[in-house]
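Okay, here's what each chain looks like letter by letter:
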There are 2 protein chains.
Amino acid sequence: MNNSRFPISLHILTLLDQMKGQYVNSDLIAGSININPVLVRKEIINLRKHGFVESREGKGGGTTLAKKSADINLADVYLAVKDKSFLGESKNQPNPKCPVGRQINTHLKDLYQEVEDTLLKSLGNQTLADFTGKFK
Amino acid sequence: MNNSRFPISLHILTLLDQMKGQYVNSDLIAGSININPVLVRKEIINLRKHGFVESREGKGGGTTLAKKSADINLADVYLAVKDKSFLGESKNQPNPKCPVGRQINTHLKDLYQEVEDTLLKSLGNQTLADFTGKFK
DNA sequence: CATTCTGTAATTATTTTTATTACAGTACAA
DNA sequence: TTGTACTGTAATAAAAATAATTACAGAATG
């Protein structure tokens, strides 16, 4: 995963939740996060693909939540943006001639799986509504 | 955190565990991981700072485990290498004029803390000995 | 004292991430 | 029906992060 996709997605969703019902455009969102609007639009494409938001093109268009924030689980948001493991991967192929190098990726993968399961359980305890509820 | 520090450190520790007692040099380790020896030496400096390994300079020198692998907890290894959060940070400062932008970092931090606690609990269930025990 | 290591700095190369530019297509609204 | 304000998307450039390389001083060994 690009390491800032989770916070960016959560920021977008939080903002949309606060703007309840309104279609918010990517410039406004980008201004809040302080990143480029094109990045926001790309991230929104992903969020939409996962059913969290819906968008309208054209004048007055923008993006809004596609479901109630109480029905958006943070574990699902995490899964929607993750592509690398949070514990990291060595990008070089370890040496297959070494007993450790040969097996480590398998064992690493198992370990990550285990840890990720608890991570998801923990994140899964919270919805977007819980999260936005903390904002004053 | 540089995203591959955890797997690199774990690879180093695993290798040292398998080479019980021997002082292993950075070239051999680098060859197993398939990265540059200088990177290995840097990573070892960190592992040593945390008391996991000890090194000898000079001919015949190298690095070896400083404690029994059963006494090396994977949560501690994780803590030793982590510097960024695994859930990622947006590197731009969000807009302080926006109610969401102004507060999100605080709430994100809290969320991460919560999740990290469970992550540590899960990793903490395993020692290096447990991990290396999986290798055939 | 030659050899084989570590420690470490400096530099360069590579890769990843982010920003920017550009423009087609869509929808609204005057 | 036309101008305006959006999204979608590609292409490129800029910036930042990561990794590799080179270099060499200093330590320990035989």
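To be clear, the structure that these remarks concern was listed above.
Residues numbered from 1 in each chain as written. Chains lettered and ligands numbered in written order. Predicted model: local features only at pLDDT ≥ 70, side-chain atom pairs only at ≥ 80, totals over all residues. Heavy atoms only, no water.

Asks: I tried to follow the protein's contact with DNA strand D on my own but got confused; where do I start?
Replies: With respect to spatial proximity, 24 residues lie near DNA strand D, and among them Ser26 and Arg48 of chain A together with Asn2, Ser4 and Asn36 of chain B are the closest. Among atoms of DNA strand D positioned within 4 Å of the protein, sugar and phosphate together represent 69%. Within the contact set of DNA strand D, a base nitrogen lies 3.1 Å away from a side-chain nitrogen or oxygen of Arg41 of chain A. Between Ser4 of chain B and DNA strand D, the recorded distance is 2.7 Å, taken from a side-chain N or O atom to a phosphate oxygen. Breaking the surface near DNA strand D down by element, the ones donating at least two residues are helix H3 (37-49) of chain A together with helix H3 (37-49) of chain B. Grouping the amino acids of the surface near DNA strand D by side-chain chemistry returns 5 nonpolar, 9 polar and 10 charged. (Near = heavy atom within 4 Å. Polar contact = N/O pair within 3.5 Å; in protein donor to acceptor, adjacent residues only side chain to side chain. Helix = DSSP H or I, 4+ residues; strand = E, 2+ residues; numbered from the N terminus. Nonpolar A, V, L, I, M, F, W, Y, C, P; charged D, E, K, R; others polar.)

Asks: I'm lost on the interface of chain A and chain B in this one. Help?
Replies: The accessible area lost on association of the parts is a frequent measure of interface size. Between chain A and chain B, the residue contacts involve 49 residues of the former and 49 residues of the latter. Both faces considered, chain A and chain B share a buried interface measuring about 4,200 Å² in area, 65% of it formed by carbon and sulfur atoms. At the junction of chain A with chain B, the criterion picks out 0 salt bridges. Remark: the boundary between chain A and chain B carries 16 residue pairs in polar contact (both at pLDDT 80 or more). Sorting the residues of the side of chain A that touches chain B by element identifies helix H1 (5-18), helix H2 (26-33), helix H4 (74-81) and helix H5 (99-123) of chain A as the ones contributing at least two each. Considering every element that reaches the side of chain A that touches chain B, the biggest residue donor is H5 of chain A, with 15 residues. Looking at the side of chain A that touches chain B, its residues break down into 24 nonpolar, 20 polar and 5 charged. (Contact = heavy atoms within 4.5 Å. Buried area = accessible area lost by both parts, 1.4 Å probe. Salt bridge = Lys/Arg side-chain N within 4 Å of Asp/Glu carboxyl O.)

Asks: Can you help me understand the protein's contact with DNA strand C in this one?
Replies: Not every one of the 25 residues close to DNA strand C is listed here, only the nearest: Asn2, Ser4, Asn36 and Gly58 of chain A together with Arg48 of chain B. Put simply, 70% of the atoms of DNA strand C that lie within 4 Å of the protein are in sugar or phosphate. Contact distances for DNA strand C include 2.7 Å between a phosphate oxygen and a side-chain N or O atom of Ser4 of chain A. At a separation of 2.9 Å, a phosphate oxygen of DNA strand C approaches a polar side-chain atom of Asn92 of chain B. Contributing elements (two or more residues each) for the surface near DNA strand C: H3 of chain A together with H3 of chain B. Partitioned by chemical class, the residues of the surface near DNA strand C number 5 nonpolar, 10 polar and 10 charged.

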